[in-house]
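Given next are the chains, with one letter for each unit.
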Amino acid sequence: MHPNATRYAAALLAMAVGNALAADPAPTGRALGLLRSHAQAARASAPDRFVARDVIVDKDGSQHVRFDRIYAGLKVIGGDLVMHSRHGRYQGVSLTQSEPLVLSVRPTFNSRAAIVAAGAEFGPDFSGTPESALVIDARTSAPSLAWQVRLHNERADMTYLIDAHHGRMLDRWSNRETAAANGTAHSLYSGDVALVTDSVFGGFEMRDPSRGNSRTIDGSNSRTSGRVYKDADNVWGNGTVSDPATGAADAQYGAAMTWDYYKNIHHRTGINNDGKGAYNRVHYGFGYNNAYWSDSCFCMTYGDGDGTHLMPILSLDITGHEMSHGVSARTANLIYSGESGGLNEANSDIMGTMVEFYANNPKDTPDYLIGEQVFVGNIAGSASQRALRYMFNPSADHASPNCYDSNIGKLDVHYSSGVANLFFYLLAEGTSAKTFSGVNHKPITCNGSTFAGVGRDKAQKIWYRALTVYFTSSTGYAGARAATISAARDLYGATSAEAKMVATAWSAVRVN
Ligand SMILES: [Zn+2]
């Protein structure tokens, strides 16, 4: 059930009064006074109550106070109005309701029957418990008492208005197409960030209509699906783990940056290049020290970390990593074992790192470390930060090789990725020492060669073209060398310096 109309009104009032108080306490009270003295213009009747929702004050002192109407405790759809005044004097009222309301608020068609009527149209596959509330539909000259029923699932989120006496469907609308809203979030790892959210009945959902409805749901420490995060004021999280919405904001921000990265750099719209967003599931399990992509749910799952070694597994490079598993699954579909598995993991580290460079967030300055922000005790910018992986020197994790040998396919895929990670680093940045995010990146080549690299912009385009055009599900290291050389030739010419540099960088990690 929705909170009843009165509680909904009270919440609105608290918000609106809060806003008004910040600037000038007077406009709302003054406008309420004018509503009483101009009741006829406002089409007010005795059971009406008005709840301020917005205040606009012009430079010349004109005030425009927007009110929602509550009739006998019920929300009145179409009963809203704007009271205009200047220097306390009535200037007029804007509204569409044509007559004062006079009607019974006792339904003869019950809530359950209204839900059945809505379900007949929506289909039986709705999620959760249907929400219903009595309202007044005052948009016509014959206002009616109605049930407002909301039904939703992953595909749709609909509101239905059903006549509370005759059971007639009065109206229906989607709660999704309406309103991309601009929210802000206090994230855990990326500071204060902007989030595009969805304006829905009673607040905002962490769902981004501008990015294919990418959304974040609350795992609530269970292992099943949860609800999309909802918030009343569109300000999410508090920058610490004490607020569950904080980590949700990191996931949603990471998904937005990854979406933008693929769209703007690679002209790919969404993981599946079909404009549809995926969803994030956060707070998965208890103390879960990992994150993963699942192709079957087309979703990312993030654990909270055990708090001893790892904090929530939600930094930007990790969200980019997980979504890039999705891109691999929908393109080369590199099998997750042997050398192809190592390339699959490397693809995610490479693209996750390029997302980090793309976002260039001041609280997460880009580098070629993977996941350094999630380690308990790491200090940002310090040279000795621990990380899950080190692309410029994979062997720094004491498990991943820098140089290829024919047994590499026997390693765990998170280690056999090392050779490709170092290849990419060398292709992009070359062999001389560089500092990123306070950390000295000094690569070592397997053959002692030195060279300059082609830069990140070209390196990422070469890799992406190889992944999407040439890699197949069982591509191994030799195939990856050939594929990336082909990609560089396509992009920059058959005899280009870029194509030669790809070969040079592979040779430097002993893939010949
Ligand atoms: Zn992975």
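Residues numbered from 1 in each chain as written. Predicted model: local features only at pLDDT ≥ 70, side-chain atom pairs only at ≥ 80, totals over all residues.

## Focus on the sheet that holds strand β10 (residues 180-186)
The pairing of strands in a sheet comes from backbone hydrogen bonds and takes either a parallel or an antiparallel form.
No. 1: Read from one edge of the open sheet, five strands run β15-β12-β11-β10-β16, paired in mixed fashion. The strands lining the two open edges of the sheet, one partner per strand, are β15 (230-231) and β16 (235-236).
No. 2: Relative to β15, strand β12 (residues 203-205) runs antiparallel, the two being bridged by two bridges. Across the sheet, residue E205 finds its bridge partner in β15, namely K230. (Pairing = 2+ DSSP bridges. Helix = DSSP H or I, 4+ residues; strand = E, 2+ residues; numbered from the N terminus.)

## Regarding the environment of S98
No. 1: Topologically, S98 is positioned in the loop between β5 (89-95) and α3 (111-122).
No. 2: Look at S98 and you get exposed, because 12 C-beta atoms sit within 10 Å.
No. 3: Along the sequence, S98 and P143 sit 45 residues apart, while their C-alpha atoms lie 9.8 Å from each other.
No. 4: Setting aside chain neighbours within four positions, we find S98 in contact with R43 and S141. (Buried ≥ 20, exposed ≤ 12 C-beta atoms within 10 Å, placed from the backbone. Contact = placed C-beta atoms within 7 Å.)

## Comments concerning the domain arrangement of the chain
As a measure of interface size, the accessible area lost when the parts come together is often cited.
No. 1: In terms of domains, the chain is made up of domain 1 (5-95), domain 2 (111-174), domain 3 (179-330) and domain 4 (335-512).
No. 2: Domain 1 and domain 4 are separated by 60 Å when their C-alpha centres are compared. (Domains from an automatic or database assignment.)

## Describing helix α10 (residues 477-492)
No. 1: For α10, built from 16 residues, the straight-helix expectation of 22 Å at 1.5 Å per residue is met to within 8% by its first-to-last C-alpha distance of 22 Å.
No. 2: Among all positions in α10, only Y477, A480, R481, A483, T484, I485, A487 and A488 are buried.
No. 3: Where α10 ends, the next residue or the one after it, G493, has phi of about 110°, a positive value. (Expected span 1.5 Å × (residues − 1).)

## Side note on the sheet that holds strand β18 (residues 291-294)
No. 1: Spatial ordering of the open sheet is given by β13-β14-β17-β19-β18, a layout of five strands whose pairing is mixed. Strands at the two margins of the open sheet, each flanked by one partner only, are β13 (207-208) and β18.
No. 2: Each of β18 and β19 (299-303) is contacted by helix α5 (residues 316-330), which is oriented at about 20° to β18, the strand it contacts most. (Axes fitted to C-alpha atoms, helices over the stretch in contact; angles between N-to-C directions.)

## Details of the packing of α10 against helix α11 (residues 497-508)
No. 1: Their axes nearest at 8 Å, the elements α10 and α11 cross at an angle of 160°. Taken as axis vectors, α10 and α11 run roughly antiparallel relative to one another. Note that α10 runs across α11; the crossing there is right-handed. Between α10 and α11, the contacting residues are R481, T484, I485, A488, R489 and Y492 on the first element and E498, A499, V502, A503 and W506 on the second.
No. 2: Its residues assigned to classes, the contact of α10 with α11 shows seven nonpolar, one polar and three charged. (Parallel < 35°, antiparallel > 145°, perpendicular 65-115°, else oblique. Left-handed = near helix turned anticlockwise from the far one by under 90°. Nonpolar A, V, L, I, M, F, W, Y, C, P; charged D, E, K, R; others polar.)

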